[in-house]
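Spelled out, the chains give:
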Amino acid sequence: MLALRELLGVLGAHQWRERGVLVPALGARVHPHYGVFSPTRSEYVDLVARAPLPALTRTAFDLGTGTRLGLTARIDVPEPCLYPDGRADLVVCNPPRLPAHPVSDLAQGVYDPDSRMLRGFFAGLTAHLEPGGEGWLVSSALAERLGLRNRAELLDLFGAAGLRVAGRIDTTPRHPKAAATEDSLHAARAGEVTSLWRLRARPLVR
């Protein structure tokens, strides 16, 4: 026995795998495996494409990476910890949007119970950044619009982790659900803003 929602999710994932998902910022299609969060919302990728790289970027960590582009010869995928060993000039993290428990296996890419991944990103960032490096947090304000988190809480996490904001780029949603007025979450989705926060370690005060 399988719930209809789960079955529809499996069928949809199979179509994404076969046909691919067009990512305009890449000018290519990616073919996600079942269980990998599909990048159907390309505004996330657009933010990363628009952000200026740190001056000297030799090594980058993508925390919680999902779909890759056939670059296995250039990419090492360690498991299962959040951070690999060592330091990087750039650390990118796009955690699940909602700090709540998923209702199904397919929803795990959307829910981050108790903000565990988000907090883990902050807890380890300064220890894994090279001098002059940056951490890029791609964060949706949907949780704020639904009353599950507030902006002050996010900013407090920056400060507690010894980080300062070097810049921020915002974008608004273009996915079909943002325009679906019959959706019960329409008001929250339509006003959602997704931000790429460029974070740097605060200099030590002597």
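Preceding block: the structure.
A.B. asks: What exactly am I supposed to notice about the overall build of the protein here?
C.D. replies: Counting its secondary structure elements, the protein contains six helices and seven strands. Along the protein, from the amino end to the carboxyl end, the secondary structure elements read α-β-β-α-β-β-α-β-α-α-β-α-β. Counting all 206 residues of the protein, 38% fall into the buried class. Considering only intrachain contacts with a sequence separation of at least 6, the fraction spanning at least 24 residues in the protein is 70%.

A.B. asks: Looking at this structure, how should I read a nonpolar patch on the surface?
C.D. replies: Among the surface-exposed residues, Leu-4, Leu-7, Leu-8 and Leu-11 lie close enough to one another that they form a single nonpolar patch of about 390 Å² accessible area. Structurally, Leu-8 is set in helix α1 (residues 4–19).

A.B. asks: Sorry, what's going on with the environment of Arg-202 here?
C.D. replies: Within the fold, Arg-202 resides in the segment after β7 (194–201). Note: C-alpha distance between Arg-202 and Ala-161 (41 residues apart in sequence) is 9.2 Å. For Arg-202, the residues in contact, after removing those within four places along its chain, are Gly-159, Gly-162, Leu-163 and Arg-164. A polar side-chain atom of Arg-202 sits 3.2 Å from the main-chain carbonyl oxygen of Leu-163.

A.B. asks: Sorry, what's going on with α1 here?
C.D. replies: Count 3.6 residues to each turn of an α-helix, and residues three or four apart come out pointing the same way. The end-to-end C-alpha separation of α1 is 22 Å, in line with the 22 Å expected for 16 residues at 1.5 Å each. Gly-20 occupies a position one or two residues after α1 and carries a positive phi of about 85°.

A.B. asks: Hey, could you run me through unusual backbone geometry in this one?
C.D. replies: Most peptide bonds adopt trans geometry, and most residues besides glycine take a negative phi value. The phi dihedral of Asp-114 is positive, around 55°, even though this residue is not glycine. Here Asp-114 lies in the loop between β4 (88–93) and α3 (116–128). Of the residues examined, Asp-114 reaches a relative accessible area of 52% and is grouped as exposed. For Ser-115, which is not a glycine, the phi torsion comes out positive at approximately 55°.

A.B. asks: Help me out: how do you make sense of the nonpolar core in this one?
C.D. replies: Membership of the largest hydrophobic core comes to 20 residues, with the highest contact counts inside it found for Val-91, Phe-121, Phe-122, Leu-125, Leu-137 and Leu-199. For this core, the secondary-structure elements that each account for two or more residues are β3 (60–63), β4, α3, β5 (129–140), α5 (151–160) and β7. Top contributing element to this core by residue count: α3, with five residues. Setting aside residues no more than four positions away along its own chain, Val-91 makes contact with Phe-61, Leu-63, Tyr-83, Phe-121, Leu-125, His-128, Leu-129, Glu-134, Gly-135 and Trp-136. Counting nine residues, the second-largest nonpolar core is a separate cluster that includes Val-92, Val-138, Ile-169 and Leu-196.

A.B. asks: Looking at this structure, I do not really get the pattern of salt bridges. What am I missing?
C.D. replies: Once their charged atoms are close, side chains differing in charge can pair, the charge on each being opposite to the other. Enumeration over the complete set of coordinates arrives at six salt bridges. A salt bridge links Asp-89 to Arg-58; the nearest nitrogen and oxygen atoms lie 3.4 Å apart. In this pair, Asp-89 sits in strand β4 while Arg-58 sits in the loop between α2 (43–50) and β3, placing the two residues 31 residues apart along the sequence. With a relative accessible area of 60%, Arg-58 lands in the exposed category. When the shortest N-O distance is used, the salt bridge between Arg-198 and Glu-134 registers 2.8 Å.

Parameters and conventions
Residues numbered from 1 in each chain as written. Predicted model: local features only at pLDDT ≥ 70, side-chain atom pairs only at ≥ 80, totals over all residues. Heavy atoms only, no water. Helix = DSSP H or I, 4+ residues; strand = E, 2+ residues; numbered from the N terminus. Buried < 20%, exposed > 50% of the residue type's maximum accessible area, 1.4 Å probe, protein only. Contact = heavy atoms within 4.5 Å. Patch = residues over 30% accessible without salt bridge, like charges linked within 9 Å, V, L, I, M, F, W, Y side chains within 5 Å. Areas by Shrake-Rupley, 256 points an atom, 1.4 Å probe, with all protein chains shown as cover. Salt bridge = Lys/Arg side-chain N within 4 Å of Asp/Glu carboxyl O. Polar contact = N/O pair within 3.5 Å; in protein donor to acceptor, adjacent residues only side chain to side chain. Expected span 1.5 Å × (residues − 1). Core = buried A, V, L, I, M, F, W, Y, C linked by side-chain atoms within 4.5 Å.

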